Structures are given as structure tokens and as C-alpha cells.
Amino acid sequence: MTLNKNPGSVALLCLLISAQAFPLTAAMDIPLEVLEQANIEQPPTITSQAASPIVAFQPDENFAVTCEAKGNPEPEFRWTKSGQEFDPLMDPRLEKEDHSGTFVIPKNGNLSEFQGTYRCYASNNLGTAISEDMDFIVPNVPKFPKEKMDPIIVEEGEAFILECNPPKGIPPLQIYWMTIRLEPIEQDARVSIGLNGDLYFSHAEEKDSRRDYCCFASFPMIRTIVQKTAMSVVVNTKKSKSDTSSDAANAILERKPSLLTPPDVRSEKQLVKGEDLELECIAEGFPTPIIKWEKLGHKLPDKARVEHHGKLLVVPSVDEGDNGKYMCKASNSHGVAQHFFTVTVEEPPEWVQEPRSQLHTIGSDIHIKCSATGSPPPVITWRVNGVPLEDAPAAANRERLGDVIVLRRATAGNSAVYQCHASNRHGALLANANIMIMNLKPRFLTPEGREYSAVEGKAAILHCNVFGSPPPSITWSRDDSSGAVEGPRFTVHRNGSLEIRVVERGDMGEYRCLTNNTEGTAAIAATLAVRDPTRIIVSPEDVQILAGSAAQLSCSAEYDKSFNNDFELLWEKDDMEIASNQTEDSRYFVEDGLLQISNVSYEDQGRYTCVARTSIDQDRAEAMLVVLDVPDAPTNLVLSEHKNRGVKLKWSPGEDHGSSTTEFIIEYEEGQWEPGKWKELVRVPGNHGSALLKLHGNVDYRFRVAPLNAVGKGRPSEHTERYKTPPAAPEKNPENIKIEGHLPYEMDINWEPLLPIEHNGPGLEYKVSYRRQDLDEDWKEHTVKRHSFIVSATPTFVPYEIKIHARNQQGWAPEPRIVSGFSGEDSFFWNCPKEVTSVPSAAPDNVTVEVMNSSVVKVSWGRVHKDKLHGHLGGYRVNWWRLRSRTDAKKKGQHGERHTHAFPGDRGHGLLPGLTPFSEYSLMVMSFNGRGNGPGSHVVTFRTPEGVPEKNSAFRVMEVQKHTISLAWSPPREPNGILTGYQLQYQLINDTEGLGPLQTVNISDPAATKLTLKDLEALSRYRFYLRSCTTVGCGHTVTEDSTTTAKERLGNAHQGISTQGWFIGLMSTIALLTLILLIACFVNRNKGGKYSVKEKEDLHPDVESQGMNDDTFCEYSDNDEKPLKGSQRSLSGQMAGGESGDSLVDYGDQEVQFNEDGSFIGEYAGHKDKRVSTEIKGPAQAPA
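Residues numbered from 1 in each chain as written. Predicted model: local features only at pLDDT ≥ 70, side-chain atom pairs only at ≥ 80, totals over all residues. Heavy atoms only, no water.

Asks: What exactly am I supposed to notice about the overall build of the protein chain here?
Replies: In terms of regular secondary structure, the protein chain is built from five helices and 88 strands. The buried share of the protein chain, taken over its 1184 residues, is 43%. Taking contacts inside the protein chain between residues at least 6 apart in sequence as the whole, the part at least 24 apart equals 65%. For the protein chain, the accessible surface area stands at approximately 63,100 Å², while carbon and sulfur atoms represent 49% of it. (Helix = DSSP H or I, 4+ residues; strand = E, 2+ residues; numbered from the N terminus. Buried < 20%, exposed > 50% of the residue type's maximum accessible area, 1.4 Å probe, protein only. Contact = heavy atoms within 4.5 Å. Areas by Shrake-Rupley, 256 points an atom, 1.4 Å probe, with all protein chains shown as cover.)

Put into C-alpha cells, the structure is as follows:
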């Protein structure tokens, strides 16, 4: 359905277009179209007037006295000022506007001349409308009179009053009493400011003597504060100069109370409904009286409040229920004073029924009713065209009956503007009612031939707006039928519109609206088209998303194609349309039904609606966006229930931001050992708001709480105040007790000391108790402050029981648990010239290797018997090294970098990760204890399968043309298998890193190292991706970017120099000199000697000939006289003077080569290009 709004036709159509009987009682106005067509006259109506009062307190502005009206003919304006005729045109100082009653009073000049009450009259030949009264007030600057103030002399204990008598001015008025230095006079039960501004003293005291009591009157409306001349008060004290007794000092006459204000015993208070009731009682007397308030026969209203130390009763916004009698009672120890208030709440006038404009036909009976209520009851007066009813021209058919004026058999001459005025002492009301009596044939306000569109299944409305007097009747018919449109789906409304509910395809076609009254008939046609409905086919779905990320909602709809230019798909958030894509920094982006929100925050959470809309219908679909974020910090932390070393912590949870709080983490900080460092104390479930905290003694704590939900940990709360616990005995004993025997006949006892916060008080120390486990003997005890102790002269490797007991100045910790351990381990001899320490003496057997994948193998071995361990088993160590890559058979027999991995504990297998694919390896296994490694197992050789290659070692752009780019690369350093070729991919990229479609080129030749890409776009930037491939797959990618040129480059642009004779000669000379230099270097090198490999092997026997690997040569010692790392000794311990001093140690940072059985075969030639070798040695080993 298409709605077209024509100028003027919207105004009050429900009044003007009606098929029901007379009279029309709504506010009456004739549409402009009718006025233009029929030149119908209309009485004046006041449309705008100035708000009263107009206060001239802004001297930098002009003051407009506004009066606007409408009517036909155009109204003429006149004014009265304070009841006298006033013509603004007669005063040249006033600015007057054409076709308006408004005039402007200039800011310059004497404004007081214009002060008064103004009323505007708008008249034409049908009547006169009048405005309400408008008061123009020119405030005078209030001033206190200049006067000489004599000092006020009072006796101590007497009551006195300082009068303010503020000048008159524009309310509100505010009174302040201060000193000449603008320090407020302190008010209390004895001293207070009354409602009239006076300063009351219930009795004088010596401290009241001063010379600078100043009354200040403030007038906020005119931004003015004025000050009264300072007043002086002298209080004569009862104490004489010669009398210092306390009785003389307190010789103030005590008396019963009497009221300073209000006077007499009774008073009346009248006020208007809605005002604040203020009743005041200020009493004098000594001691200072106490004021109490009552409402006789009732309790004080709930909204009442007592202020000014009980002297003022305030009841805000009074109504009829606050009527009654109130009493104030002032009392002290000597008596009572009372005052009674009779309170009457009255009301200004309010309309019960305001007179309304009416349109009637000639001959009708017309009733104009006006009634108002108020307290006291308002007086109702009537005017006709601004003239009091009793002074207006007589009309034989006009009669006043109470609050109703009746016009019987009205004629066109009875058309007029009636004014009703209701007033009492609290205010006045004025209403204008335009009464029009005329006959007029129907006139259409809806254009002829209007086309309407409606959606199948929805409702349609066809308009037939018509004006006439009497109101015309309206019927509708189809173009193919002379009868009226009928049926349950069709309704003709009072304003003439035809509504069709649940439109069908058969409703399409032409319709006619027919109207008639006593003055004539008329008809118009309208056309209805039926369209397909708009329907959302893909609805947005509910989304939960983390704050800071991007959210996306999608929506699509189908609609009638006739609305291609009128269809829109928009988004709303919580029923407010999203203004998207308007600024560069907008976080909302809408395109083709897709809503994207970047950097989502909690404010983005809500209900999002997709709206698919045409000019006649719409469809809507909703989705909820829930923003998940960490919870807000808890608040209102309170410590309570302090019990020795326990305290209760309470808090109020913060907003959880869509994800329920799962835990609260309570953290603490202590101010002695680690001030400023927060540590976790305890966690409690997320549905708790308090926790009982168990604390250590002698610690100065403060606490905070951090929330935790599925998104993460939120910001912690503010910390509590500090809480220090009293000292106490330790609650625990040391843990992680270790018993070690580094030397025979000794036992080292170590333990993890208590943390400082666990001391619970000063003076912490440990009692070490031990005894042999295999004998029945008493405990031996020693007290220490450190966290270690050595027991000497112990038997070798025998079991002991040990316990560590903590205590401080407050007492002992609970009884400690007993742990077991062994004293120092034994020693034995191998086939070596000297005694070595007790490392394992047997190697693991049955070593096997199971290949898991191209880089991981599983190693299994037989465990060493415990009798061969000679101590506690530390675990097993696997040494392995790479022999060669299976892609290069020439390197067979050369050792790669040596690796080791320890598997702690008593186990028989382990995984070795990080191996190079498609390689041949060797490994051996050995056990170890606290003294070091045992002998190695037999060497086992295995192979890893093929894998994917590493990155290509080089990849670059060689040449760039307009449509071609040449690329070159080198193979990967580690192919990890047999190369089958390369995969090259490329795509266009733009300046914002947007990527185009990916193109792929498969290169099947593994020997290829270059390629030229053709048919590329000129002046375009490309990104290239290269990967090497084996039968397993393609490896990691290397990338390169390049941009094509705008035109082809000439290949011979720089060929001239290469064909010049001088250039060829220069290059030949450089080549000859280089050849001579290389020959000289080769001859010089051949003059040096070689080391004999046989001699090397004689000096360093094969590892397995000793029954162990190079990690377990016979260099262990039970004493501390171990050779320094890097020292060179023979097996007898002496340096061979005639030998070169080369050894395995010299090559500890070089690559060493082994046979498949692990023996050393490498020649000691050159250290420069060797890799670092890692050797794992026992704690007591020294280099060989």
C-alpha cells in the first residue's frame, strides 16, 4: 500500500471526514484545499503567544511579545496594555512584523515604560480570538537602604533577633548570614535563620559578641546578591571581674520557653496544591528548648520532614489530604510553649470540560459547554469575539444555561469565536471556541485516479478523504459492479477509507468512491495492484563471540521485482537502525545483507534485527549477539569474623559479560618478605560471595579477589585493608628430604626449608633425628638453623631412618613423618690402574629399535641386574649419531653430530624424537647411577624412512618484464628423501594485502632450478610460493614478491661493453692471475705433513676394547684430585713428552667419526668445519 501525504490534508481528518451525525466536537479546522476551492471563511484562531511572565533581566537581548493567529480572511491584530488600548505601531521604538501581531521591545532605552499586562486580539469578519494575559516585568535592582546601625546590647541569657528585611525582587529569594569575611554564621538549636530572613538567638552567649553580622540577599533570576550594612552585637556577661567562681560564671536566668515566631497561639496557612508547606516555630528560653511537631488527629504525612534542628516542618507537594491542624511544641525543663496552624490547601482552576470548536449545518441546535473546578470554585465568564457576553450584540436564539451556551436553529450569522474564562484567587484559564455554521457540498481531498499497491495476504487501505457540511455519506464500488463493495473482508471507516483485509489476487482492479449530502454528490476512482510479499529466506543466527574479535551476521530476502528501486535491507540493534559505512572509523559495515562488526565490545551485545523493506511491506528476523568477556572485578571487599589466624572475606561479584563466573581466585600480599608481590591463596566456586581464609601466623596480609570464567581471568578487585595475624607454632615440617652419600662413610641430609611465610613466628630452627633402620637403637638428635646436615662415620650403603622437626619461639610443629635413606655408596675396581667409584658394571643387552615414523624411533633394552648397579639406579642413557643421508652413498662411515637422551627410572624402552628423515643412524644404551654412566651396549644401526623436504635454501626473482617473471632456486639442504619435483604457486596481491586466486604450476623435473612465468598482468604485484616434493609430500614454503613492468625492457641495452676489446683483455688478465695464485697455494699446502691414523688409534684405544664407551674411561676417583678439563694425560697419568698432545678432548667441540661399532676412525685433520659434539659425563668424570 502506498501512502501519499498531500499538504493540508493531514490536519484533523478524523474530525472533518466523517459519516456520522452532527455535531463535530473535535478541534475544528478547514483544510487548505477546501478553502482554495470554495473560498470558505474561517474565524481567527490564536496559534502562538508569548509565555507569561516576560522578565527583562537579560539587558543584552530584545524582548518579543508574540501573538500569531490564522483565519480567512487573514486576521487583524490589536492590543491592550493593563486594560487600556495599546497600538505598537504608534511607538517608533517598537519593532512590528507584517501579517503578525508580534512586536519587539528593544533592549535599549527605559524598559520600565513598557511594564504591564498585555492581551492580543485577532479579528476578521467572522469573529475575534483573544490571547491569555502576558505580563512584561522590568525588575528593579534590589538594594538594602543605607542606614546607620547602632550596636545591639543584650544581657547574657536573653533572646534577641537580628532583622534582615530584604528588599523586594524577582523570586526566588535566598538569605545568607555571614561575617564580613564571608564565613557563614554557624546555626544550631540555639541560633537559626527564619523563613523571613531574620537571625534568631534563643538566648545570648558571650561568644555571640561580634561586630560583623551581615545579611546577604540573593536573587538568582537576575543574578544579583546584595549585602546589608554589618550589625554589631554586644553581650554583657553575668560574671564580674572580681568573681571567678563557677557559680557566677553560670548565673544565667533559666526560664520556660516562649515563641519568637510565629506570634500568638494560632495562625492560618493557605497554599496551592502542589506547593511545599513550610511551618516554622522558633522558641527562646534557657536551657535551649526542643521543638516537636504533630498533626492533630492524624500522624504526620510520610513525606513530611523536619529541618533546621526541628524548627521547620516541610511537607512537599501538598494535596487535599494535607489539610488539617498542625501543632508545634517547644519544651525545656521549665515548661512548654505551643502554636497551632490551620492549613488549607486550595487549587487554581482546572478544566473539567473546555469549550471546543464546532462545525454545524444551518438550522442545527448548538451547545457550547465550559466547566472548571478549583478551590475556591472558579468564576466562569463568557465573551463573544472578545466582548463580554452581556455587552455583545444580542442574539434572539442565544441562551446561557448555567455553564452552557445554547444556540437554537443556528444561522450563518451565529458563526463567532466564543471565549470561556475561569478564574479564582490562584489563577485563571482562557479558551477560545470557533463556532461555524454553514452548508457545503462534498469536496474531495484525495486526488483522482490514485494508484495503490498491496501485498497478497496483507491488508490494504484505499483513501477517500472528503469535506462537506452536513458531513457526506460514503460508499465504495468496483469498476465492474454498480453495487457497493461488501463482504467480511471489506470495511468502510468513518473517515471514508476502504480497508481490505487479507488481500487476494482477485482484488486487483479499479474502485470508485461515491459521496453525497444535501448539497450535492461527487465520485473519484482508485486503482489497486497486488504484489508478492517480501520474505526473509535466510535469517541471522544467534552468536556468542569474544570481546575484541569480529562478529558477522548474514541475512537475505526475496521480494516482488516491481520494487527493485524501492527495496532495502537494513539492520537494527535493539530497535534502533544501525547507521553503517558513514565514517572511516565506523565499526559497522553492511553490504549485501551481511553485517560485520569489528572489534566487538560489550556495548555491542543485544538484539539485532534484519529488516527487509519495500514501500508497502516488510519482513523482520532477529538474532541475539552475546559478547563474552572476562568478568568485571569484584567490589565491596569486607573482612569480618577475625579469629586468630582465620578471617572471613566477603565481596560482591562484578558483571560476568555473558559467561558465568566459574571461580574466584583469592590472592594475598604480605608486607615483610615480598611486598608488592601477589600470590594465589585459595580458589572458591563462582557462585560464592565469601570465603573463610586459613592464614599463617605473624604475617601482615592484605587480600584481593580476581574472577575467572570460560573466557579467562578478569581484572582483580581493589585490595582490602591490612590484617596482621598473631604468631603461632609452625603448622608443618620440612618436605622433600633427600639422603645422599657422595662419599663412603658419610650421609648428607638435605631438605626443602620452610618458606618465610610458613615460619608462623620468629626463631625458626630444625631438629634433625636419625637412627639405623636395621638395628634397634635410639634416635640421635641435632638442632640446626640451616636446611642441611652431614652424618659422618657411617657404614657404607646401609639404611637409615630420618625425621626433621620444626619449631619456633611459640612451640613445635606437629610430629614429623619418618623417611628412609642410605649412607654413602660402595667402591670397586675395574681393569684399570687405579680404583674408580661405584658406577654400574654391566651394559644393557637385547637392544632393539622400532621405527615409528620418519623422525621418531622407539628404543628397547634389557635392564641391568641390580647387583651390577652398585647404588641407586638413576636411569638409562641413549647415545645416537647420524651416519649418513641415504640420498648420498659416498658419505657412508662418517659420523654426524652426537646426541644423548636420559630416561630416568627403572624402564626398558623410550622414544627418540627429532631424527632426520631418510638417514642412517647408530646408537648405544647405558645405565647410570649417582656416580655416573655404566658401560655402553653393542652399537645398533637403523634407518629412518622418507619424509617431506626442508625449505629451499634459495629462491629469488631473476628477471622481470611486462608480462613475464623469471624465477630461480636451489634444492633444499635436507631433501629428507628422493626429490620428485617442485610445486610453484602464485597469486596477485594489492596494496592492502588483498589476495587474488591462487595459480599452481607442478614441476616434475627434480633437477630444475629455474622457470619463467608468462601471460602475467602488466604493472601488477605477484607473490610466489615454492615447495620441494618427495613421494611423501611437499615440504615447507618459501615466498618471494615481485611486480611486473609497464613495458618490455630491451635485452641488448647493455651489451655494448661486453663486446669491447679492452674489456675482454681485462677479464683475461684477471683470470690468469687467479690461476697462478691457486697453484701457489696448492704447492705450499703439500709441503706440510700428516698424522698417522694408526698412531692416533694406538694412543686412544677402541672404546669397546675397554668394555665401555668413551663416557666411561677409567678416570673416576673417590678423591677430589681430578684433572682439569682439557688437560692431557696418558693412561698412566703422565704426559707423553714427544707426542703431539692431540686427544679426544682437543676435538670436544669438533665432529668425531665412529665406525658402525662406535670406535673412533676419524683423522685429526682440521678443526674449522667440524660440528659441536655433546658428551654426557657423570658428576665425577674428568676429560680423558
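After that view of the structure, there is still more to cover.
Asks: Whenever I open this one, the state of the cysteines confuses me. Can you help?
Replies: Put plainly, a disulfide is one covalent bond tying together the sulfur atoms of two cysteines. By the definition in use, this model includes seven disulfides. Linked covalently through their sulfurs, C281 and C328 form a disulfide whose S-S length is 1.8 Å. Its torsion about the S-S bond being -75°, the disulfide of C281 and C328 is classed as left-handed. Here the residue C281 occupies a position in the loop between β22 (277–280) and β23 (282–286), and C328 occupies one in strand β27 (residues 324–332), the gap between them amounting to 47 residues. Residue class for C281 comes out buried when judged on its relative accessible area of 0%. The residue that forms a disulfide with C555 is C610, at a sulfur-sulfur distance of 2.0 Å. What sets the handedness of the C555 and C610 disulfide is the S-S torsion sign, and at about -75° it is left-handed. Here C555 is found in the loop between β49 (551–554) and β50 (556–558), whereas its partner C610 is found in strand β55 (residues 606–613), with 55 residues between them in sequence. (Disulfide = S-S within 2.5 Å.)

Asks: Please explain the packing of aromatic side chains as it appears in this structure.
Replies: Two aromatic rings, taken as a pair, are described by how far apart their centres are and by the angle between their planes. Overall, the coordinates contain 22 aromatic pairs when judged by the stated rule. With a centroid separation of 5.6 Å and 70° between ring planes, the pair formed by Y668 and Y701 is classed as edge-to-face. Placement of the pair is Y668 in strand β59 (residues 663–670) and Y701 in strand β62 (residues 700–708), with a sequence separation of 33 residues. Here Y668 matches Y701 in class, with each residue buried. Among the aromatic side chains, those forming a connected cluster through ring pairs are W79, F86, F103 and Y118. The cationic tip of R210 hangs over the ring face of Y213; the distance from NZ or CZ to the ring centre is 5.9 Å. Stacked on the ring of F340, the Lys or Arg R266 has its end atom at 4.9 Å from the ring centre. (Phe/Tyr/Trp six-rings, centres within 6.5 Å; stacked < 30°, edge-to-face > 60°. Lys NZ or Arg CZ within 6 Å of the ring centre and 35° of its normal.)

Asks: Just to check I follow, could you spell out a negative patch on the surface for this structure?
Replies: On the surface, a cluster of negative charge is made up of E448, D479, D480 and E510. Note on placement: D480 falls in the loop between β42 (473–478) and β43 (490–492). For D480, a relative accessible area of 62% translates into the label exposed. (Patch = residues over 30% accessible without salt bridge, like charges linked within 9 Å, V, L, I, M, F, W, Y side chains within 5 Å. Salt bridge = Lys/Arg side-chain N within 4 Å of Asp/Glu carboxyl O. Lys, Arg positive; Asp, Glu negative; His and termini not counted. Charge placed at Lys NZ, Arg CZ, Asp CG, Glu CD.)

Asks: Can you help me understand the confidence of the model for the protein chain in this one?
Replies: Detailed reading of the predicted model is not advised wherever pLDDT is low. On average, residues of the protein chain carry a pLDDT of 82, and 83% of them reach 70 or more. A low-confidence stretch, residues 1051–1057 (pLDDT under 50), is modelled with two contacts involving residues beyond four sequence positions or located in other chains. (pLDDT = per-residue confidence, 0-100.)

Asks: Looking at this structure, how should I read the pattern of salt bridges?
Replies: Within this structure, the stated rule accounts for 51 salt bridges. Across the pair R255 and E284 runs a salt bridge, and its minimum N-O distance is 2.9 Å. Separated by 29 residues along the polypeptide, R255 in strand β20 (residues 255–261) and E284 in strand β23 bring together distant segments of the chain. Between E572 and R620 there is a salt bridge whose closest N-O contact spans 2.6 Å. Remark: R620 occurs in strand β56 (residues 618–628) and E572 occurs in strand β51 (residues 568–573); sequence separation between them is 48 residues. Using a relative accessible area of 10% as the deciding quantity, one classes E572 as buried. Residue classification places R620 among the partly exposed positions, given a relative accessible area of 35%. Each of R190, E205, K207 and D208 takes part in salt bridges that share partners, so that together they form one network.

Asks: I'm lost on unusual backbone geometry in this one. Help?
Replies: Peptide bonds are, in most cases, trans, and in most cases residues other than glycine have a negative phi. For the bond from N72 to P73, the omega torsion is 5°, close enough to zero to count as cis. As for its position among the elements, P73 is in the loop between β4 (67–72) and β5 (76–81). Following T261, the chain continues into P262 via a peptide bond in cis, with omega recorded as 0°. Relative to the helices and strands, P262 is located in the loop between β20 and β21 (266–272). Positioned with a positive phi, N385 is a non-glycine residue whose angle comes to about 55°. For N385, the location among the structural elements is in the loop between β32 (379–384) and β33 (387–388). The class of N385 is partly exposed, set by a relative accessible area of 23%.

Asks: Explain the nonpolar core to me, please; I cannot follow it from the model alone.
Replies: In a soluble, globular protein the nonpolar side chains are often hidden away together inside. If you look at the biggest cluster of nonpolar residues, it comprises 25 residues, and the most contacted ones within it are I536, W571, L595, I597, Y608 and L625. Elements that contribute at least two residues to this core include exactly β48 (543–546), β49, β53 (588–591), β54 (594–597), β55 and β56. In contact with Y608, other than residues within four places in its own chain, are L553, E572, K573, I578, Y588, L595, I597, A621, E622, A623 and L625. One finds I193, A204, A217 and V235 within the second-largest nonpolar core, a separate group that totals 24 residues. (Core = buried A, V, L, I, M, F, W, Y, C linked by side-chain atoms within 4.5 Å.)

Asks: Mind showing me how you'd approach the sheet that holds strand β75 (residues 857–862) here?
Replies: Sheet strands line up and pair through hydrogen bonds in the backbone, either parallel or antiparallel. Read from one edge to the other, the open sheet built from three strands follows the order β74-β75-β78, with strand pairing classed as antiparallel. Of all the strands in the sheet, the pair left with one neighbour each is β74 (845–851) and β78 (909–912). For this sheet, the mean angle separating the axes of adjacent strands, direction not counted, is 20°. Two elements, β75 and β78, share four bridges in a ladder whose sense is antiparallel. Of the residues in β78, the one forming a bridge with V859 is G910. (Pairing = 2+ DSSP bridges. Axes fitted to C-alpha atoms, helices over the stretch in contact; angles between N-to-C directions.)

Asks: Even after reading the chapter, I still don't get the sheet that holds strand β57 (residues 635–643), so can you show me in this structure?
Replies: Ordered by their spatial adjacency, three strands build an open sheet running β57-β58-β61, and the pairing between neighbours is antiparallel. If you trace the sheet from one side to the other, it starts and ends with β57 and β61 (690–694), each paired once. Ignoring strand direction, the axes of neighbouring strands in this sheet form an average angle of 20°. Pairing geometry for strand β58 (residues 646–652) and β61, over five bridges, is antiparallel. Of the residues in β61, the one forming a bridge with K648 is L692.

Asks: Would you mind showing me how to read the environment of M924 here?
Replies: Positionally, M924 belongs in strand β79 (residues 919–929). Judged by its relative accessible area of 6%, M924 falls in the buried class. Along the sequence, M924 and W880 sit 44 residues apart, while their C-alpha atoms lie 6.6 Å from each other.

Asks: I'm lost on the side chain of T720 in this one. Help?
Replies: Looking at the secondary structure, you find T720 in the loop between β62 and β63 (723–724). Take T720: its relative accessible area is 4%, and that puts it in the buried class. Filtering out sequence-adjacent residues up to four positions away, T720 remains in contact with L637, L639, L649, R702 and F703.

Asks: Please clarify how a nonpolar patch on the surface should be interpreted in this entry.
Replies: A cluster of nonpolar side chains, contributed by L1075, I1079, F1082 and V1083, occupies part of the molecular surface with about 410 Å² of accessible area. Here F1082 shows up in helix α4 (residues 1061–1086). Here F1082 falls in the exposed class, since its relative accessible area comes to 56%.

Asks: How should I be thinking about the environment of G157 in this particular structure?
Replies: Looking at where G157 falls in the secondary structure, it is placed in the loop between β12 (152–155) and β13 (160–162). Along the primary structure G157 and S202 are separated by 45 residues, whereas in three dimensions their C-alpha atoms are 8.4 Å apart.

Asks: Would you take a moment to explain the pairing of strand β35 (residues 404–407) for this structure?
Replies: Working note: regular strand, side chains alternate between the two faces of the sheet. Burial along β35 is two-sided: the face carrying V404 and V406 and the face carrying I405 and L407 are both buried. Two strands pair when backbone bridges link them, and strand β30 (residues 366–369) and β35 are joined in this way by four bridges, in the antiparallel orientation. Across the sheet, H367 pairs through a bridge with V406, a residue of β35. The sheet contact formed by strand β34 (residues 398–401) and β35 spans four bridges and is antiparallel. Each bridged residue has a counterpart across the sheet, and for R398 the counterpart in β35 is L407. Hairpin geometry of β34 and β35 is characterised by an intervening segment of two residues between the two adjacent antiparallel strands and by a positive phi of about 65° at G402.

Asks: Hey, could you run me through the pairing of β79 in this one?
Replies: By the criterion of burial, β79 is predominantly enclosed, with 11 of the 11 residues buried. Burial along β79 is two-sided: the residues S919, Y921, L923, V925, S927 and N929 and E920, S922, M924, M926 and F928 are all buried. Bridge analysis of strand β76 (residues 873–885) against β79 gives 11 bridges, and the strand direction is antiparallel. In the sheet register, L873 faces β79, and the bridge partner there is N929. In the sheet, β79 pairs with strand β81 (residues 940–943) via four bridges, with the strands oriented antiparallel. In the sheet register, E920 faces β81, and the bridge partner there is R943. Where β79 and strand β80 (residues 932–933) come together, two bridges link them in antiparallel fashion. Along β80, the bridge assignment pairs F928 with N933.

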